[in-house]
Amino acid sequence: MYSRRLVFRHVKQMQRRSLNTDIIPRNSQKKSHKHSFFFTAMTSFSLPPTVSDPENVPSPNSVEGGVYLTWENLWVTVSDGKKGGSRSILEDLTGYARTGEVLAIMGPSGCGKSTLLDALAGGRLQSSQSGSILVNGRKQTLAYGTSAYVTQDDTLLTTLTVGEAVYYSAQLQLPDSMSKSEKKERAEMTIKEIGLQDSINTRIGGWGVKGISGGQKRRVSICLEILTHPKLLFLDEPTSGLDSAASYYVMSRIARPDFRHGRTVVTSIHQPSSEVFALFDNLCLLSSGRTVYFGPARAANEFFSRNGFPCPSLQNPSDHFLKTINKDFEEDIEQGIGEQKTKEEVINILVKAYKSSDSCQQVQAQVAEISRQGNDQALHKSRNHAGFLNQCLVLTKRSYVNMSRDLGYYWMRLGVYIMVSLALGSIFYNLGFSNSSIQDRGSMLMFVASFLTFMSIGGFPSFVEDMKVYGRERLNGHYGTTAFVVGNTLSSVPYLLLISLIPGSIAYYLAGLQKEYEHFIYFALVLFACMMLVESIMMIVASLVPNFLMGIIAGAGIQGLFILAGGFFRLPDNLPNILWRYPLYYVSFNRYAYQGMYKNEFDGLTFPMDQSGGPATISGEEILRKKWQVETGYSKWVDLAILVGMIGLYRFMFLIIIKITEKVMPRIKAFISRPPKQASQVIANPSPTPSYRFTFICSKDVP
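The present account deals with the structure reproduced in this document. Sequence order as written defines the numbering, with residues in each chain counted from 1. Whole-chain, interface and lining totals are the exception, using all residues; otherwise, since this is a predicted model, local features are given only for residues with pLDDT of at least 70 and side-chain atom pairs are given and counted only at 80 or more. Each side-chain value is worked out from all heavy atoms of the structure, with water and hydrogens disregarded.

### Focus on the packing of aromatic side chains
The pairing test for Phe, Tyr and Trp rings, Trp by its six-membered ring, is centres within 6.5 Å, and the orientation test on the planes gives stacked under 30 degrees, edge-to-face over 60, and tilted for anything in between. Enumeration over the complete set of coordinates arrives at 33 aromatic pairs. Plain terms: the ring middles of Phe 562 and Phe 589 are 6.1 Å apart, the flat faces sit at 90 degrees to each other, and that makes the pair edge-to-face. Residue Phe 562 is located in helix 21 (residues 548-564), and its partner Phe 589 is located in helix 23 (residues 589-602); the two are separated by 27 residues in the primary sequence. Take Phe 562 and Phe 589: they sit in the same class, and that class is buried. Pairwise contacts between aromatic rings join Phe 433, Phe 568, Phe 569, Tyr 594, Tyr 598, Phe 602, Phe 607 and Trp 628 into one cluster. Against the face of Trp 628 rests Lys 627, its NZ or CZ located 5.1 Å from the ring centre. Sitting over the face of the ring of Tyr 522, Lys 636 holds its NZ or CZ atom 4.9 Å from the ring centroid. Here a strand is any run of E in DSSP of at least two residues, a helix any run of H or I of at least four, and the numbering for each starts at the N terminus. Throughout this description, buried means an accessible area under 20% of the type-specific maximum (1.4 Å probe, protein chains only), exposed means over 50%, and partly exposed covers the range between. Note on criteria: charge over ring means Lys NZ or Arg CZ within 6 Å of the ring centre, with the direction from the centre no more than 35 degrees off the ring normal.

Here is the structure:
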């Protein structure tokens, strides 16, 4: 990491070396020659000639285990919503990324930076794509662990420490052939490599919890993805939301020679500082999906100067580039001396100048050279995940720790449940065995099975955060969907049992229900099953509606329908056949909870009759048949078994929905967004190489 004094010492040296060179055209040399020498030095001091000079580039075979990425005639189009219309997001892009270098994709907002990164990474783009994307000159799928994608958002479990987050991830990503000590050593080495050893015992932190800084969170995200030593690393705006100092520290770690040795780094970046810009080897500058410049980052300033748009004195070159090619804010720009150009004209001039420049010819030659000297030895190394059982155990433990530290996940709900149970017990205190207690018992049991479990939707926001973490980790193939569902289910069982026993016992014994131990155990088990079912429903909602506010509304609506169709507010025989009896009454879990609790409470009891002239007492069995219209042909344990079966069904539905959303929905969206007659409208000079899209997540299915 360069100090500020070393930077300016190197600048002065480069200025002295550049005194006899002619970089800027003579018509603009008087205007900004001091600045040009200054920023030429700034963008040159950290770029070794052996890396950045196209004439001195090693061949793909010269770097053992390296990955070279090329793309040629790449188009990405989407439908514009009009009949037969389409819109191009990327237009005829060609470029490359080489081992040991950092390629920066830069441009104004909406220029296609993230789209290009997603297209190169594969598996994320949900639009029509054409052109060739080659890995080491071949069309092939990268093996698991060969590449990684660091998203723009730092989706991390905020309750874990830095060391815990990295170590859990190492246990999931690294194979079972490595011992726990070896995995822990790998995690500690990676933390040290990224410069987080001083924060290893500090919690990541989030909303309401103090933790590490934004720059450190970004480095944690990077750290989690380089545990497998990927050869190809994609970074989506790693400096977004960070100040200039934090941005420099993040990027300086990535640009260190020991970090990028044998590794290809491709990053999109919005507006880097001059210090960050100086860390890049190559620059891909985009505007409206077109290439304005591709080549060594240190030569970009010369390219703009040569075409009449020199960088003003003492201005960051990246700021100047973005201001020049950003057409969102219409402003005339001076070209040369006195000639004014609109932003659209400026962009067209630069695009045409690049296409006719030596840099463009060198890019095409380099792409052809990489394709000709293809090397796939790095892609054939077999890398395995942890085994399925190990994944389930690690995810269960990690989720259990997260739930225990997140107050909003279960602990606040436990406190609310205790208060509601005390209120419920005080209202229905010591019901006794009078005739009026029949209705009171039914009302109390209905409230427990309906509204007490209804509050389980309060944990929905925490589960949405878990889903975001799963989405990021699944993107890079850390573990399988089944392992995630199993781990989340097992980790929640102890907390739901605790919530069922403590508030359940308060409400049960204050109300004076049946005293036998067996009856309370059944009561608690039904309460536990109802809570598991509500959480399962909310999981399904979370997989379909990721917005937590809309998810809570949708989950509450589903719960309300089930409660209405459960058979309490309107007895089963009186429910309308259409919709309410068929099918809602039979699919509502509240029906089986009501009937199981009623059987558990009324079986074996007798109550006095208020009517004169009839029998003096009424049995519990008769109350079940006549008053509550309960189906008494089977025991209460069958109702509990049905509830348990519904838990398994809903969890399985959650698993299937995730898999369908993950694999099928992107294809459907890409098909819908595919514009008609794309070949004749979009590709003016189609490549002889057939269209290709590679997926980097994993080379084989993960259980």
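### Quick notes on the sheet that holds strand 8 (residues 282-287)
Whether two strands pair comes down to DSSP finding at least two bridges between them. If you walk across this open sheet you meet the six strands as 5-6-7-3-8-9, and the pairing is mixed. Sheet topology places strand 5 (147-150) and strand 9 (290-296) at the edges, where each strand pairs with a single neighbour. Recorded for the sheet is a direction-independent mean angle of 15 degrees between the axes of neighbouring strands. Running at roughly 155 degrees to strand 6 (residues 232-236), helix 4 (residues 113-121) makes contact with strand 3 (102-106), strand 5, strand 6, strand 7 (264-269) and strand 8 of the sheet. Throughout, an axis means a line fitted to C-alpha atoms (over the contacting stretch in the case of helices), and angles, computed between N-to-C directions, take values from 0 to 180 degrees. Throughout, a residue-residue contact means that at least one pair of heavy atoms, one from each residue, lies within 4.5 Å.

### What to know about the sheet that holds strand 1 (residues 69-79)
Strand order in the open sheet formed by three strands is 2-1-4, and the pairing between neighbours is antiparallel. Of all strands in the sheet, those bounded by a partner on one side alone are strand 2 (86-97) and strand 4 (128-135). The mean angle between the axes of side-by-side strands here comes to 10 degrees, regardless of whether they run parallel or antiparallel. Two strands pair when backbone bridges link them, and strand 1 and strand 2 are joined in this way by eight bridges, in the antiparallel orientation. Looking across to strand 2, one finds that Val 76 is bridged to Leu 90. Sitting on the sheet, helix 4 is in contact with strand 1, strand 2 and strand 4, with an inclination near 120 degrees to strand 1. Set on the sheet, helix 14 (residues 358-372) makes contact with strand 1, strand 2 and strand 4; between it and strand 2 the angle comes to about 70 degrees.

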